[in-house]
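Summary of structural features
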Amino acid sequence: MPELVWTFTGEGLGTMRGTTVLPGTPSRTPRDGELPMHRLEVPAPDAPPFAVGTFDTIGPMSRASFPHRHTFHEIVHVTGGTGTHVVDLARWELRPPHLCVIAPGQVHHWDGARDLQGSVLLFTDDFLLDHPADRELLRRLSERPWLTLDEPTHARIGGLIAELHEEYRRGEAGVETVLRALLHVLVVRAARLTATPAAPPPARSGAVAEEFVRLAGRTDHRLWSVRAYAERIGVTPGYLTEAVKAATGRTPSQLVRQARTQEAQRLLAKTELTVRQVANRVGFDDAAYFCRFFRRETGASPGAFRRAAGRSQ
């Protein structure tokens, strides 16, 4: 199995140019105050955007102690170790065994982790082409990413991941098909642990809503209006509103506000950007208007939120 490395990029997640890179691709230095973005290194242009290994074989980035994001999904099966895993604004103490799902764009790091043991799976959206509905399951799982497993569940999950390890290591004929099938089973079984219903194959309106949710989760700084999302997807704002409300029970405007608020919280808590810079990153030219928006959505000013987040670290 080739050595696996993650590279940094200074690009925003919304551009998604190069969710994977080839060996030797230069890393990009993040701008001042910007969180590092990691891309998955693959050994060849036609290699599948997937990797599985232990914390040791994946490499030091699998236990990075500084806040960062990914352009890919990460599933972590923790079988040993101590410390804390921080995902966005939540801190999770290690009491293995655990299963953790991290979505593209989420901020996470390991705090004081010692003797981490277990498995790490890394894959992009493109790898889910056989089971596109798994993207929605992964999104829902990432909203409650830290699962403590009982022994029977731990054994079943461990056995399935061991199969993924072996298939990936051997690399025999049909390996990509088998890896996608095993990953699909893992995602569905993980979703059952949180009572997340399996998503049906999407009709056109469902596919439109799914694409909107996927784009909104990537916090593209150019897409902070319903009209911009509609243009990107290729539908009218009215159709987008109907499709998203039917699929989620919420309007695109509500979900955009939620996405902007969550991104502002991440930047306030995890970076040294000024409030004005944070406002600009989430689509506000007027810092005062951003402060009013943030207070309305969270009940606190940006400054108060940052101070409280700092005390909780």
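Everything below is about the structure shown above.
None of the values given here were measured: they were computed from a predicted structure.

**Observations concerning the overall build of the protein**
Within the protein, the regular secondary structure consists of 11 helices and 10 strands. When each of the 313 residues of the protein is scored for burial, the buried share is 50%. Residue pairs at least 24 apart in sequence account for 71% of intrachain contacts in the protein once pairs closer than 6 positions are excluded. In the structure as shown, the protein presents an accessible area of about 14,400 Å², 51% of it carried by carbon and sulfur atoms.

**Looking at the packing of aromatic side chains**
As enumerated under the stated definition, the model contains 9 aromatic pairs in all. Relative to F127, the ring of F50 has its centre 4.9 Å away and its plane inclined at 25 degrees; by these criteria the two rings are stacked. With F50 in strand β4 (residues 50-54) and F127 in the loop between β9 (108-123) and α2 (134-143), the pair connects residues that are 77 residues apart, well separated along the chain. Accessibility assignment for this pair places F50 and F127 in one class, buried. Ring geometry for F50 versus Y168: centroids 5.8 Å apart, planes at 65 degrees, classification edge-to-face. Pair noted here: F50 is in strand β4 and Y168 is in helix α3 (residues 151-170), with a separation of 118 residues, a long-range link. According to the relative accessible area criterion, F50 is buried, its value standing at 3%. By way of ring pairs, the aromatic residues F284, Y289, F290, F293, F294 and F305 are connected into one cluster. The cationic tip of R180 hangs over the ring face of F127; the distance from NZ or CZ to the ring centre is 4.6 Å. A cation over a ring is seen here: R260 above F284, with NZ or CZ 4.1 Å from the ring centre.

**Things to note about the nonpolar core**
By size, the foremost hydrophobic cluster in this structure holds 33 residues, and its most contacted members are F212, Y229, L240, V278 and F290. Put simply, the parts of the chain that give this core at least two residues each are α5 (204-216), α6 (226-233), α7 (237-248), α8 (252-270), α9 (275-281), α10 (287-298) and α11 (302-312). Of the residues forming this core, the biggest block, 7 residues, is contributed by α8. Beyond its immediate stretch of four places on either side in the chain, F290 contacts A264, V275, V278, A279, V282, F284 and P302. By size, the runner-up hydrophobic cluster in this structure holds 28 residues, among which are I157, V175, L179 and V187.

**A closer look at the pattern of salt bridges**
A side chain with one charge can pair with a side chain of the opposite charge if their charged atoms come near. On inspection of all chains with the given rule, the structure shows 15 salt bridges. As a salt-bridge pair, D88 and R266 come within 2.7 Å of each other at their nearest N and O atoms. Residue D88 is found in the loop between β6 (73-87) and β7 (90-93), and its partner R266 is found in helix α8; the two are separated by 178 residues along the sequence. For D88, a relative accessible area of 15% gives the class buried. Residue R266 is classed as buried on the basis of its relative accessible area of 9%. Linked by salt bridges that have partners in common, R69, D88, E263 and R266 make up one network.

**Structural notes on unusual backbone geometry**
Note the cis peptide between P96 and P97, where omega equals 10 degrees. Here P97 is to be found in the loop between β7 and β8 (98-102). Despite not being glycine, D115 shows a phi value in the positive range, around 55 degrees. The topology assignment puts D115 in strand β9. According to the relative accessible area criterion, D115 is exposed, its value standing at 64%.

Conventions and cut-offs
- Residues numbered from 1 in each chain as written.
- Predicted model: local features only at pLDDT ≥ 70, side-chain atom pairs only at ≥ 80, totals over all residues.
- Heavy atoms only, no water.
- Helix = DSSP H or I, 4+ residues; strand = E, 2+ residues; numbered from the N terminus.
- Buried < 20%, exposed > 50% of the residue type's maximum accessible area, 1.4 Å probe, protein only.
- Contact = heavy atoms within 4.5 Å.
- Areas by Shrake-Rupley, 256 points an atom, 1.4 Å probe, with all protein chains shown as cover.
- Phe/Tyr/Trp six-rings, centres within 6.5 Å; stacked < 30°, edge-to-face > 60°.
- Lys NZ or Arg CZ within 6 Å of the ring centre and 35° of its normal.
- Core = buried A, V, L, I, M, F, W, Y, C linked by side-chain atoms within 4.5 Å.
- Salt bridge = Lys/Arg side-chain N within 4 Å of Asp/Glu carboxyl O.

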